[in-house]
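A look at the structure
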Amino acid sequence: MLLRTEGIVLKTHKYGEADLIVTYFTLQKGIIKAFAKSPRKTKSRFGSSMEPLTYSMISLWGKEQSMPKITQSDIISSFHNIRENLHDFINSSKLIEILLSLTPEGIPNKRLFSFLLNTLNLIASLEQKQKETFYLILQVHLLTLLGYAPRLKGCGKCGAKTLDFYPSLGTPLCGKCAVRPLVGKEPPVRITEGLINFYSHCLAWPVYILRRLKPRQDTIAELSFIIDKHLNHLLQKRLLTSEFLVRKGANHV
Ligand SMILES: [Zn+2]
């Protein structure tokens, strides 16, 4: 099999003395792992094209079942400015961790690929002071694309008005519906109307327009807290949560 596709490096693992296993998000095959022979031996363009976040046109050769070998890799955009800024690198790594944790390998997803590429382009063009809010909104959009965005408006079971959000379930529940064992021992987080409104805007508008949103600082802090709590549950107890979300349709906000 010979495959030629655009790919973004999500992460790499050293293999032996000088080889690398590269995890890509490719346009044609989704997330795949590929083997690079000796890219660490020389400081070549081939080697530097395997830096995390690098966007390249790659050629892969190998059998469908085994890990393909990278035979060619031409950089389209290196995104080195993101890698060289610690704050940007940590935040984009978090997005990639979410992506890797919640996306099965080998399934093409053009919308997700475009989202990742647009995200990297936008991060590279933003001023530092705009970025804090933007990263948070990107997490929300990524979770939406993956089908795991929390619901914040109304009880996830009956739709009634409530401000009690359950991070482990990714949804608010009203007093009537919040029965054990569904909610466990964890108390709900009280959310505000301001957060619910801002979150609705986040979901409704495309990412590039969201740069213009100027939310209050306490709304951003509140959303950050909620998303982190939700992510903690999602990445550790993903199966339980996704089962709940599928059952209740709570991911359709
Ligand atoms: Zn309810």
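Residues numbered from 1 in each chain as written. Predicted model: local features only at pLDDT ≥ 70, side-chain atom pairs only at ≥ 80, totals over all residues. Heavy atoms only, no water.

1. Things to note about unusual backbone geometry
Phi at L53 takes a positive value of approximately 80 degrees, unusual for a residue other than glycine. With respect to the helices, strands and loops of the structure, L53 is situated in the loop between α1 (45-48) and β4 (55-61). With phi around 50 degrees, F79 is a residue other than glycine that occupies positive phi space. Its place among the elements puts F79 in the loop between β5 (69-77) and α2 (80-84). (Helix = DSSP H or I, 4+ residues; strand = E, 2+ residues; numbered from the N terminus.)

2. Remarks on the pattern of salt bridges
Where charged atoms from two side chains of opposite charge come close, those side chains can pair. If you walk through the whole model with that rule in mind, you get nine salt bridges. For R83, the salt bridge identified is with E51, shortest N-O distance 3.8 Å. Pair noted here: R83 is in helix α2 and E51 is in the loop between α1 and β4, with a separation of 32 residues, a long-range link. Of the charged contacts, one joins E186 and K229 as a salt bridge, the two residues approaching to 3.6 Å between their closest N and O atoms. Of the two residues, E186 is situated in the loop between β7 (171-172) and β8 (189-190) and K229 in helix α8 (residues 217-236); the sequence distance between them amounts to 43 residues. Its relative accessible area of 23% is what places E186 among the partly exposed residues. (Salt bridge = Lys/Arg side-chain N within 4 Å of Asp/Glu carboxyl O. Buried < 20%, exposed > 50% of the residue type's maximum accessible area, 1.4 Å probe, protein only.)

3. Brief notes about the sheet that holds strand β6 (residues 164-166)
The strand order across the open sheet formed by three strands is β7-β6-β8, and the pairing between neighbours is antiparallel. Edge positions in the sheet fall to β7 and β8, since each has one partner strand and no second. The sheet contact formed by β6 and β7 spans two bridges and is antiparallel. Paired with Y166 across the bridge in β7 is T171. (Pairing = 2+ DSSP bridges.)

4. Thoughts on the packing of helix α5 (residues 128-146) against helix α6 (residues 193-204)
Look at α5 against α6: their axes get within 10 Å of each other, and the N-to-C directions meet at 65 degrees. One element, α5, and the other, α6, form an angle in the roughly perpendicular class. Every pair of crossing elements has a handedness; the one defined by α5 and α6 is right-handed. Residues T133, I137, V140, H141 and T144 of α5 lie in contact with α6, whose contacting residues are F198, Y199, C202 and L203. (Axes fitted to C-alpha atoms, helices over the stretch in contact; angles between N-to-C directions. Parallel < 35°, antiparallel > 145°, perpendicular 65-115°, else oblique. Left-handed = near helix turned anticlockwise from the far one by under 90°. Contact = heavy atoms within 4.5 Å.)

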